[in-house]
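# Observations on chain architecture
Here are the chains, one letter per residue:
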Amino acid sequence: MRRGEATQEEGEQRVGEGKLNSDEITLHRATDPAWLTLALSRFDEVLIDHAHCEKKAAANALSLLQAFPEVPGLPAQMARLAREEAAHLARVLQIMEDRGLILGRDGGDPYAQGLQKLMRNGQKDRQLDRFLVAGIIEARSAERLALLAEGLTDVALKKFYAELATSEDGHQKLFLRLAREIAPGDVVNTRLAELLTGEAALIAALPLRAAIH
Ligand SMILES: [Fe+2]
Ligand SMILES: [Fe+2]
């Protein structure tokens, strides 16, 4: 049956199913608008942190390839993801170079560390949590890069951040698809909801930083 032919009842049911087995991660808590004000006022610091985020995203893709080579499609997807994230990193580093900024050491990311603590041990649980946490970080990054794209006034930077936001949004969907490859739908949905609740609490608790997270 084509979409237009569904009765109202069937249509509502379909919407309900869509929510249950969504193909994208929907964050439970929006970023505080004060974060954007802070990020724009100390944008150079945000750029440096952003470079470290892209570096970690590329490294995590290769780490997942190393850990789970048996998941169908994962090696090629993670190889492509690592290449994309490394390309993002190279572009951020170029912008930094143009502004005379040095990368320096990674000061650590309390947000990623907080999410790390939510992950379970045990082979199967750990695998699912790694995919879902990676997806949640991509979803939060996509949200914040889109906020930067809106808030920045420089046309080239606006375009750059809008493009990256779209790319990270694609990555969150990729990680959710991988999670659905390795676990039943209800298991994925339950765990995703738990992790999103934890992420929202973390976002609410952490002080705002001149950083992506
Ligand atoms: Fe990226
Ligand atoms: Fe990404």
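Residues numbered from 1 in each chain as written. Chains lettered and ligands numbered in written order. Predicted model: local features only at pLDDT ≥ 70, side-chain atom pairs only at ≥ 80, totals over all residues. Heavy atoms only, no water.

### Some points on the coordination of the iron ion (ligand 1)
Coordination angles at a metal have ideal targets, namely 109.5 degrees for four tetrahedral donors and 90 or 180 degrees for six octahedral donors. Defined as follows: For Na, K and Ca the donor cutoff is 3.2 Å, while for all other metals N, O and S atoms must lie within 2.8 Å; water is not among the atoms, so some sites may look incomplete. Square planar and octahedral sites, with four and six donors, are those where opposite donors lie more than 155 degrees apart and all other angles lie between 65 and 115, tetrahedral sites have four donors with every angle between 85 and 135 degrees, and the rest are irregular. The way it works is that DSSP assigns letters per residue, a run of H or I at least four long becomes a helix, a run of E at least two long becomes a strand, and they are numbered from the N terminus. When accessible area is computed with a 1.4 Å probe and restricted to protein chains, residues below 20% of their type maximum are described as buried, those above 50% as exposed, and intermediate ones as partly exposed.
In this structure, Glu54 (OE), Glu85 (OE), His88 (ND1) and Glu168 (OE) serve as the protein donors to the iron ion (ligand 1), at separations of 2.0 to 2.2 Å. Geometry at the iron ion (ligand 1) is irregular, judged from the four donor atoms that bind it and their angles of 92 to 138 degrees at the metal. We note that the donor set of the iron ion (ligand 1) lies within a single chain, spaced as E-x30-E-x2-H-x79-E. Between the iron ion (ligand 1) and the iron ion (ligand 2) the interatomic distance amounts to 3.6 Å, and glutamate 85 serves as a bridging ligand to the pair. In this pair, glutamate 85 is assigned in helix H4 (residues 74-98) and glutamate 168 in helix H7 (residues 155-182), connecting sequence segments 83 residues apart. By relative accessible area, glutamate 85 is classed as buried at 1%.

### Quick look at the confidence of the model for the protein chain
As a general rule, the predicted coordinates of low-pLDDT regions are not to be interpreted in detail. Selection criterion: On a scale of 0 to 100, pLDDT captures the predictor's confidence in every residue. Two residues form a contact once any of their heavy atoms are found within 4.5 Å.
On average, residues of the protein chain carry a pLDDT of 92, and 91% of them reach 70 or more. Across residues 1-18 the pLDDT falls below 50, and counting only partners more than four positions away or on other chains, this stretch makes five contacts in the model.

### Here's the deal with the coordination of the iron ion (ligand 2)
Summarising the metal site, the iron ion (ligand 2) is bound by the protein donors Glu85 (OE), Glu138 (OE), Glu138 (OE), Glu168 (OE) and His171 (ND1), whose distances to it range over 1.9 to 2.4 Å. Read in sequence order, the donor residues for the iron ion (ligand 2) give the motif E-x52-E-x29-E-x2-H.

### What to know about the packing of helix H3 (residues 43-67) against H7
The test is simple: Between N-to-C directions, angles cover 0 to 180 degrees, with each direction set by a line fitted to C-alpha atoms, over the stretch in contact for helices. Orientation is classified from the angle alone, with under 35 degrees giving roughly parallel, over 145 giving roughly antiparallel, 65 to 115 giving roughly perpendicular, and any other angle giving oblique. By definition, turning the near helix anticlockwise from the far helix through less than a right angle yields a left-handed crossing, and turning it clockwise yields a right-handed one. Note on residue categories: nonpolar means Ala, Val, Leu, Ile, Met, Phe, Trp, Tyr, Cys or Pro, charged means Asp, Glu, Lys or Arg, and polar means any other residue, Gly included.
At a minimum axis separation of 14 Å, H3 and H7 run at an interaxial angle of 30 degrees. Taken as axis vectors, H3 and H7 run roughly parallel relative to one another. Both H3 and H7 take part in a crossing whose hand is left-handed. Across from Phe43, Leu47, His50, Glu54 and Leu64 in H3, the residues of H7 making contact are Leu157, Phe160, Tyr161, Leu164, Glu168 and Phe175. Its residues assigned to classes, the contact of H3 with H7 comprises eight nonpolar, one polar and two charged.

### Describing helix H5 (residues 110-118)
Count 3.6 residues to each turn of an α-helix, and residues three or four apart come out pointing the same way. Worth spelling out the cut-off: Taken from the helix axis, the directions to the C-beta atoms give the arc we talk about. Here a polar contact means two N or O atoms within 3.5 Å. Within protein one must be a hydrogen donor candidate and the other an acceptor candidate, and residues neighboring in sequence count only if both atoms are side-chain atoms.
By the burial criterion, the buried members of H5 are Tyr111, Gly114 and Leu115. Buried residues in H5, looked at end-on, bunch into an arc of 95 degrees, giving them a common side. On its buried face, H5 is in contact with helix H6 (123-151) and helix H8 (185-205). The opening residue of H5, the one whose side-chain oxygen lies 3.0 Å from the backbone nitrogen of tyrosine 111, is aspartate 109.

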